[in-house]
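# Structural overview for review
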Amino acid sequence: MITSAIQYMTGADLRRGQRGWCCEEWCDGIRFLRVYGLRSYRQSVWRRTLQYGLFAMLGFCAALIHARPRPDVILVGTDPITISPVSWFLSILFRARLVLDERDLYPETAIALGVLKPGWISHGLSSFQQWLRRRAAFILCATPGIRNYLIQQGVPDRKLGLLYNADPELLHTDEMPSLETLQSRLRERAPPGSQFWVIYAGGMGRAGDLDTLLEAARILGPDTGIGFILVGDGERASDYRSRATSGRLPISFTGPLPRREARQLIRGAHVGVLLFPGASLFQVALPSKIFDYLGLGCPVVFLGSGDTAEVLRESGAGIQIPSGDAPELARALQDLSRDPGKCRTMGASGRDWFARHATGSKARAVLMHAVQMKQLQ
């Protein structure tokens, strides 16, 4: 496993006192090669781009120098896009089978977020991705929508598998502190005077429509007892903090947290929110945070449509409203704050759906299928 030495959410250096551009660590029988990375790289688009390029270069060198014995399969996530050509070249050098893990569609996602403009660059990147998909032995898709999109792009159905962004460890909430203890901890982080806690956990960049959340908080005000807890970081985080402070909004910011601690806050919250921009590409998005909410028994209010809305419809775990509709978001949260029984019912339904559809056994089965000799020849 070749990864950055910088933890994605917290920015912590994972080299544990080791020095050098590449450090080795063994964990649960897995050999990790952690390469140097930039701290706080999520604070701007340019810094993030620099980090992605640096990771691709150092990851390539780490594979050439330290990948022993020679790998038979190279599994690569297509996010960020900089590592796709590197991984393809390594598959040629090592004569290994290439398996793509399509968590997001690139460059389509970058275009939808306004990071990349349509033009010859985006056309070239799109052509390269299609070329790479044709040469891949197998492709894992994060959502049914991504799978259908790739079929429409001409990728054979036999080369595609579905692998949700779901962690089966979420079902082991009995290992967490009691719900009363978690809510006591959450109260310490929540806005003063709030009794009903709404949590958002994720990036604070272009993909999360937190402008709508701030507007809903303004509509509700501090007198409703509804408080918002925002967990994460990103290039727009400082702007959101200053706007919340100047507007005296009932919002608190925890900053980036280790995953275990963030999940404990989600478990203790009354409602989780997920907000997508109105771009059509987000119809096929099914992010990991929706599975965190469902697996931890946290009901969801979702702004958007597509695959995520379909999961909420099937599971009965939440409410779906249109993207950007701050008044409707405020109204939905106020209704839920007055009906705790409905929140508990939706949370239990989501957890039950997660246990039946997004467990590790299915994920392992799909991944094992991807690396079967007959499938990859």
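In what follows, the accompanying structure is described. (Residues numbered from 1 in each chain as written. Predicted model: local features only at pLDDT ≥ 70, side-chain atom pairs only at ≥ 80, totals over all residues. Heavy atoms only, no water.)

### Structural notes on the overall build of the protein
Summing up its helical and strand segments, the protein has 15 helices and 13 strands in all. On C-alpha atoms alone, the protein measures out to a radius of gyration of 21 Å, which is about the 21 Å that the 2.2 N^0.38 rule sets for 377 residues. Expressed along its principal axes, the backbone C-alpha trace of the protein runs to roughly 65 × 45 × 45 Å. Residue pairs at least 24 apart in sequence account for 69% of intrachain contacts in the protein once pairs closer than 6 positions are excluded. With 45 positive and 34 negative side-chain charges, the protein shows a separation of 6 Å between the mean positions of the two kinds. (Helix = DSSP H or I, 4+ residues; strand = E, 2+ residues; numbered from the N terminus. Rg over C-alpha atoms; globule rule 2.2 N^0.38 Å. Contact = heavy atoms within 4.5 Å. Lys, Arg positive; Asp, Glu negative; His and termini not counted. Charge placed at Lys NZ, Arg CZ, Asp CG, Glu CD.)

### A look at the nonpolar core
The biggest cluster of nonpolar side chains holds 37 residues, and the ones touching the most others in it are Ile199, Val231, Ile290, Phe291, Tyr293 and Leu294. Elements with a minimum of two residues in this core: α6 (179-189), β8 (196-201), β9 (226-231), α9 (259-268), α10 (288-295), β12 (300-303), α11 (307-315) and α13 (340-357). Sort the elements by how many residues they give to this core and α10 lands first, with 4 residues. When neighbours within four sequence positions are excluded, Phe291 is seen to be in contact with Tyr164, Asn165, Ala166, Leu170, Leu286, Trp353, Phe354 and Ala358. Counting 34 residues, the second largest nonpolar core, distinct from the first, contains Ala96, Ile139, Val155 and Leu281. (Core = buried A, V, L, I, M, F, W, Y, C linked by side-chain atoms within 4.5 Å. Buried < 20%, exposed > 50% of the residue type's maximum accessible area, 1.4 Å probe, protein only.)

### Observations concerning the packing of aromatic side chains
Inspection of the entire model under this criterion finds 9 aromatic pairs. The interplanar angle of 15 degrees and the centroid separation of 5.9 Å between the aromatic rings of Phe60 and Phe89 together place this pair among those described as stacked. Taken together, the residues Phe60 in helix α1 (residues 45-66) and Phe89 in helix α2 (residues 83-94) connect sequence positions 29 residues apart. Ring centres of Trp88 and Trp131 lie 4.9 Å apart, and the angle between their planes is 70 degrees; this geometry places the pair in the edge-to-face category. Taken together, the residues Trp88 in helix α2 and Trp131 in helix α4 (residues 120-135) connect sequence positions 43 residues apart. These aromatic residues form a ring-pair network of at least three members: Phe60, Trp88, Phe89, Phe128 and Trp131. (Phe/Tyr/Trp six-rings, centres within 6.5 Å; stacked < 30°, edge-to-face > 60°.)

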